[in-house]
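These are the residues of each chain, in order.
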Amino acid sequence: MALITFDLDGVLQRNPFNTGVFPHISKALASAYSLQFPDTSADQVAKNVVNLVRAEFRRRQEAGDWVGTYDWDGICNRVARDLAYTGEPIDVAPLVRHYCTPDHIYAYAGAHECLAALQAAGHTLKALTNGFAAYQDPVLEALGLRQFFVDVLTPDRCGTAKPFADFFAWAGSLPALHVGDTLAHDLLGARRAGFVGVWLPPKLPEELATLSPRERTHHARLQAYIDERLRYEQTWYHPLPAPDECQPHYVVRDLSEVPGVVADWVARGCRTDG
């Protein structure tokens, strides 16, 4: 039938980085940080180490190192060297596997049902994620989501990343539809690549909730919400697109609406307009 691609984190699953992996790394680097800044409180040390990791992430973005931006091993070990850390090298993949527990990861409501319905309808499903394979595969397997995808495309496997069209091109030929939560990466990249873009925002404004996924794209409230989300995404993504570069073709409230969106898109001839 059709090619359907999904972002992972924030769309289908929650990963263990914020609650498990990063706190673990921060604790490992805390002693090295405290030697350089001995008057810093323990709570502030943990926050400052995370901020150093985040700053290295942003530095790589601004340098155009689009694969290295998502290499958390490289990022964390660079921060460790800057802090004169003398412990064992940081190895992120085992930490991800260690924290793949219900306390740290979960599938979003309706994820399995959505993917199963699309698979049963004969669609080809692929994951398009900026998380490295070693960080995403354990989470997908632990949550029982890997079975639905014929491929998981990542920056380390493809040599590029969202929002660049060549990353989307790795998924296959058009027509294709992509479901994602970020404007700066998912929606911008989908439009650049000629994919239909389906936006699953973190929280849909109440004024849009009763409308259909297509009707929402024409509502005046949507543009204000896009502007609001782009201001938030500015803290993580660089450079930001203009609002008209990341307009969605559909806006969904949750994953339960995605199969209906795909059916509507197919019935309309897999069009990318309107």
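Residues numbered from 1 in each chain as written. Predicted model: local features only at pLDDT ≥ 70, side-chain atom pairs only at ≥ 80, totals over all residues. Heavy atoms only, no water.

Our focus in this paragraph is the side chain of Thr160. On the secondary structure map, Thr160 appears in the loop between helix H7 (155–158) and helix H8 (165–169). Since its relative accessible area comes to 8%, Thr160 is described here as buried. A polar atom in the side chain of Thr160 sits 3.1 Å from the side chain of Asp166. Excluding residues within four positions of it along the chain, Thr160 makes contact with Val67, Thr154, Pro155, Asp166, Phe167 and Trp170. (Helix = DSSP H or I, 4+ residues; strand = E, 2+ residues; numbered from the N terminus. Buried < 20%, exposed > 50% of the residue type's maximum accessible area, 1.4 Å probe, protein only. Polar contact = N/O pair within 3.5 Å; in protein donor to acceptor, adjacent residues only side chain to side chain. Contact = heavy atoms within 4.5 Å.)

We now examine the sheet that holds strand S4 (residues 124–128). Strand order in this open sheet of six strands is S5-S4-S1-S6-S7-S8, and the pairing throughout is parallel. Because the sheet does not close on itself, it has two edges, and the strands there are strand S5 (151–153) and strand S8 (250–251). By the bridge criterion, four bridges tie strand S1 (residues 3–6) to strand S6 (residues 176–180) in an arrangement that is parallel. Bridge pairing in S6 places Phe6 opposite Val179. Relative to S6, helix H12 (residues 258–267) is tilted by about 155°, and along the sheet it contacts S1, S6, strand S7 (196–199) and S8. (Pairing = 2+ DSSP bridges. Axes fitted to C-alpha atoms, helices over the stretch in contact; angles between N-to-C directions.)

To continue, consider helix H9 (residues 183–193). Of all the eleven residues making up H9, nine are buried; the element is thus mostly covered by neighbouring parts of the structure. Of the positions making up H9, those classed as buried are Leu183, Ala184, His185, Asp186, Leu187, Leu188, Gly189, Ala190 and Ala193. Where H9 is buried, its residues contact helix H2 (42–62), H8, S6, S7 and helix H11 (220–233). One side-chain oxygen at the N-terminal end of H9 lies 3.5 Å from the backbone nitrogen of His185; it belongs to Thr182. Directly after H9, the chain includes Gly194, whose backbone phi takes a positive value near 85°.

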